[in-house]
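Fold and geometry: a report
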Amino acid sequence: EPEVTQTPSHQVTQMGQEVILRCVPISNHLYFYWYRQILGQKVEFLVSFYNNEISEKSEIFDDQFSVERPDGSNFTLKIRSTKLEDSAMYFCASSEQRGNQPQHFGDGTRLSIL
Amino acid sequence: GQQVMQIPQYQHVQEGEDFTTYCNSSTTLSNIQWYKQRPGGHPVFLIQLVKSGEVKKQKRLTFQFGEAKKNSSLHITATQTTDVGTYFCAWSSGSARQLTFGSGTQLTVLP
């Protein structure tokens, strides 16, 4: 079964540094998402991406965050200047089409900010 | 604004006992999805409900969507140790149908 893949699985970064989290969505999927989960808490929506542009973003997704689909397969989340509170698990997800479709999640990247 | 509560937050059961988690919304939901997250894992889609009063079954799991589409439940019959994890309700909204997750119920099954 096709999977969403994320790299790296764990990223440790000094506060103030830039990080890029990478995702390869399922190949025929059209909608891409980033979510985050702070340890022990619920999954929170960050941003959705369709047709090479952001569809919606939450209040968490401030100017420090950006997303890009640099080629036909990768989908990246960049945090420009990381803060301690950015420490979380970041999940990429994709869905086949619009509508109430199930979303397929990657294994996540655990981001630790020191 | 919309308020959704998922209860209980934690549930410990003996293997073989039943388990139920509930999601209750202050407003009508167009749909509800259920996801399971194993410890250290990622959310995995279980089911989607869209119709008022809908009931769906997957082996020992029974999912219900209330008549008013304001509440939903997931019931597991005769739990097994493989059922351990956190169960989240979620609903899609917005132009890209992004998910909003409930707070989750963490299930522990004691052998």
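Being a predicted model, the structure only gives us computed values, none of them experimental.

Here we come to the sheet that holds strand β7 (residues 65–68) of chain A. Residues and elements named next belong to chain A. Strand order in the open sheet made by the 4 strands is β1-β3-β8-β7, with antiparallel pairing throughout. Because the sheet does not close on itself, it has two edges, and the strands there are β1 (5–7) and β7. Going from strand to strand, the sheet's axes swing by 20 degrees on average, the running direction of each strand aside. Relative to strand β8 (residues 75–79), β7 runs antiparallel, the two being bridged by 4 bridges. Paired with Phe65 across the bridge in β8 is Ile79.

So, on to the interface of chain A and chain B. Between chain A and chain B, the contact holds 21 residues from the first and 21 residues from the second. Summing both partners gives a buried area of about 1,700 Å² for chain A against chain B, and 52% of it is carried by carbon and sulfur. Inspection of the region where chain A meets chain B yields 0 salt bridges. Counting across the interface, chain A meets chain B through 6 residue pairs in polar contact (both at pLDDT 80 or more). Of all elements in the fold, only β4 (31–37), β5 (43–50) and β6 (53–57) of chain A reach the threshold of two or more residues within the side of chain A that touches chain B.

Next up on the list: a nonpolar patch on the surface. Residue and element names in this part refer to chain B. Taken together, the side chains of Met5, Ile7 and Tyr22 define a hydrophobic patch exposed on the protein surface, amounting to about 300 Å² of accessible area. Secondary-structure assignment places Ile7 in strand β1 (residues 4–7). Residue classification places Ile7 among the partly exposed positions, given a relative accessible area of 38%.

All names here are of chain A. Here the structure, examined in full by the defined rule, presents 3 salt bridges over all chains. Salt-bridge contacts for Glu44 lead to Arg36; the nearest nitrogen and oxygen are separated by 3.2 Å. A relative accessible area of 23% means that Glu44 is categorised as partly exposed.

The next thing to look at is the side chain of Thr21 of chain B. Position of Thr21 of chain B relative to the elements: it lies in strand β3 (residues 19–25). Here Thr21 of chain B is in contact with Gln6, Ile7, Pro8, Trp34, Ser72, Ser73, Leu74, Tyr87 and Thr105 of chain B, once residues within four sequence places are set aside.

Attention now goes to unusual backbone geometry. In this chain, Thr7 of chain A is followed by Pro8 of chain A through a cis amide linkage whose omega measures -10 degrees. Within the secondary structure, Pro8 of chain A is located in the loop between β1 and β2 (10–13). Cis geometry marks the peptide bond from Ile7 of chain B to Pro8 of chain B, where omega comes out at -5 degrees. Take Pro8 of chain B: it is sitting in the loop between β1 and β2 (10–14). Located in the positive-phi region is Asn51 of chain A, a residue other than glycine, with phi close to 55 degrees. Its place among the elements puts Asn51 of chain A in the loop between β5 and β6.

Rules used in this analysis
Counting from 1, residues in each chain are numbered in the order their sequence is written. Here the convention is simple: chains get letters from A, ligands get numbers from 1, in the order in which they are written. Local features in this predicted model are restricted to residues of pLDDT 70 or higher, and side-chain atom pairs are both shown and tallied only at a pLDDT of 80 or more, whereas totals for entire chains, interfaces and linings draw on every residue. Side-chain numbers here rest on the full set of heavy atoms in the structure, without hydrogens or water. Two strands qualify as a pair provided DSSP detects at least 2 bridges between them. A run of H or I in DSSP counts as a helix once it spans at least four residues, and a run of E counts as a strand once it spans at least two, with each numbered from the N terminus. Axis angles are defined between N-to-C directions and span 0 to 180 degrees, where every axis is a line fitted to C-alpha atoms and, for a helix, only to the segment in contact. Note on definitions: a residue-residue contact is assigned when non-hydrogen atoms from the two residues lie within 4.5 Å. In short, buried area is how much 1.4 Å probe accessible area vanishes from two parts on joining, totalled over both. Throughout this description, the term salt bridge denotes a Lys or Arg side-chain nitrogen within 4 Å of a carboxyl oxygen of Asp or Glu. Side-chain atoms alone can form a polar contact between residues adjacent in sequence; in general such a contact is a pair of N or O atoms within 3.5 Å, and within protein one must be able to donate a hydrogen while the other accepts it. Surface patches are defined over residues having more than 30% relative accessible area and no salt bridge, joining like charges when they lie within 9 Å and nonpolar side chains (Val, Leu, Ile, Met, Phe, Trp, Tyr) when within 5 Å. Using a 1.4 Å probe, accessible areas were evaluated by the Shrake-Rupley method; residue-level cover was limited to the displayed protein chains. Think of it in three bands: with a 1.4 Å probe and only protein chains considered, a residue is buried below 20% of the maximum accessible area for its type, exposed above 50%, and partly exposed in between.

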